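# Descriptive analysis of the structure
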Amino acid sequence: MSKTILIAGGTSGIGAEALRALRSDGHVVYCACRSPEKLPDDPDVHGLAFDASAASPSLDLPEALDGFAYFPGTITLKPFGRLTTQDFLHDFQVNFLGAAGLLQAALPALLKGDNSAVVLFSTVAVQTGLPFHASISAAKGAVEGLTRSLAAELAPRIRVNCIAPSLTETPLAGPLVNSDEKKASSAKRHPLNRIGDPKEIAELVKFLLGSQSMFMTGNIIKADGGLSSLKLF
Ligand SMILES: NC(=O)c1ccc[n+]([C@@H]2O[C@H](COP(=O)([O-])OP(=O)(O)OC[C@H]3O[C@@H](n4cnc5c(N)ncnc54)[C@H](OP(=O)(O)O)[C@@H]3O)[C@@H](O)[C@H]2O)c1
């Protein structure tokens, strides 16, 4: 059955793959993004102007929504001593406040939807300490807290889950994956000896928005090649 899904940030990386996957299943997608002109020319993809680094949005949303997924994120990797207040505030704004504000705006429509589901994004660096991740891990830690709180508050009407990927080959991770040497050395740090593929993570988003995950809520799903759970030697 066709669903109506709101996504934020569907113009590149995992979000763009999720948009493709949702459309190929026939779902109608509203996409809140900075550059609606980058979206595919498709009558069932509706662009809405949205900037996660600005104040709460006022968007022309449909009456009912069956799903919401939020993709905007940052990678501010710096030694702790060099992080500025502005770095912390920007990471918190884009990763947490942008998601919380847009979800508040979408909540009335999600409450009218059919088995509605929400998917948020964290990072492997919340559950596993990694150097230079102090700001982003703090912001994504807030997203994990929001996931569990909202999953409790909105049950049984709306399911809320969160995906925590490790390094995935997208424009956001560009500086970390822009050579074969860098990719190979990152792959070696993962028990599965590879980095993430945005298409696979997009399939996980589709699963969490869909009817096959209807017994799942309040989860932080690790999509990290085993990095956070396994030590091979
Ligand atoms: N890639 C990784 O290695 C990795 C690892 C751990 C967690 N994650 C998380 O996974 C999620 C998806 O990441 P990704 O790698 O797919 O990132 P990406 O390639 O940068 O895509 C992010 C999307 O969000 C949009 N966006 C970014 N900032 C925005 C803002 N201020 N307002 C509105 N839209 C904005 C981008 O739009 P524009 O086209 O306008 O830039 C783009 O469509 C993020 O939350 C990220 O933190 C990624």
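Thresholds, definitions, all that
Residues numbered from 1 in each chain as written. Predicted model: local features only at pLDDT ≥ 70, side-chain atom pairs only at ≥ 80, totals over all residues. Heavy atoms only, no water. Core = buried A, V, L, I, M, F, W, Y, C linked by side-chain atoms within 4.5 Å. Buried < 20%, exposed > 50% of the residue type's maximum accessible area, 1.4 Å probe, protein only. Helix = DSSP H or I, 4+ residues; strand = E, 2+ residues; numbered from the N terminus. Contact = heavy atoms within 4.5 Å. Axes fitted to C-alpha atoms, helices over the stretch in contact; angles between N-to-C directions. Parallel < 35°, antiparallel > 145°, perpendicular 65-115°, else oblique. Left-handed = near helix turned anticlockwise from the far one by under 90°. Nonpolar A, V, L, I, M, F, W, Y, C, P; charged D, E, K, R; others polar. Pairing = 2+ DSSP bridges.

### Structural notes on the nonpolar core
Counting 35 residues, the largest nonpolar core has Leu6, Phe68, Tyr70, Leu102 and Leu120 as the members making the most contacts within it. For this core, the elements supplying multiple residues, two or more each, are strand 1 (4–8), strand 2 (28–33), strand 4 (67–70), helix 2 (85–111), strand 5 (117–121), helix 4 (134–154) and strand 6 (159–165). Setting aside its immediate chain neighbours within four residues, Phe68 contacts Ile5, Leu6, Ala99, Leu102, Leu103, Leu110, Ala117, Val118, Val119, Leu120 and Leu209. Counting residues in each nonpolar core, the second largest holds 24 residues, with Ile5, Val29, Ala69 and Ile163 among its members.

### Quick word on the packing of helix 2 against helix 4
Interaxial distance between helix 2 and helix 4 falls to 7 Å at its minimum, and their mutual angle equals 20 degrees. With respect to helix 4, the axis of helix 2 lies roughly parallel. The element helix 2 and its partner helix 4 pack so that their crossing is right-handed. In this structure, helix 2 uses Asp87, Phe88, Asp91, Phe92, Asn95, Phe96, Ala100, Leu103 and Leu107 to contact helix 4, whose residues at the interface are Ala134, Ser135, Ile136, Ala139, Lys140, Ala142, Val143, Leu146, Leu150 and Leu154. Looking at the contact of helix 2 with helix 4, its residues break down into 14 nonpolar, two polar and three charged.

### Examining the sheet that holds strand 4
The sheet built from seven strands is open, its strands ordered 3-2-1-4-5-6-7 with parallel pairing. One side of each edge strand has no neighbouring strand; the edge strands of this open sheet are strand 3 (45–49) and strand 7 (220–223). Looking at each pair of strands side by side, their axes are set apart by 20 degrees on average, direction ignored. Along the sheet, helix 4 makes contact with strand 5, strand 6 and strand 7, crossing strand 6 at roughly 160 degrees.

### Regarding the pairing of strand 6
Within strand 6, seven of the seven residues are buried, which leaves the element mostly enclosed by the surrounding structure. Judged by which residues are buried, strand 6 turns out to be covered on both faces: Arg159, Asn161, Ile163 and Pro165 on one side and Val160, Cys162 and Ala164 on the other are all buried. Sheet analysis places strand 5 next to strand 6, joined by five bridges and oriented parallel. Looking across to strand 6, one finds that Leu120 is bridged to Cys162. Looking at chain direction, strand 6 and strand 7 are connected through four bridges and run parallel. Its bridge partner being in strand 7, Ala164 is matched across the sheet by Lys222.

Geometric descriptors of this kind do not, in isolation, establish any biological role.
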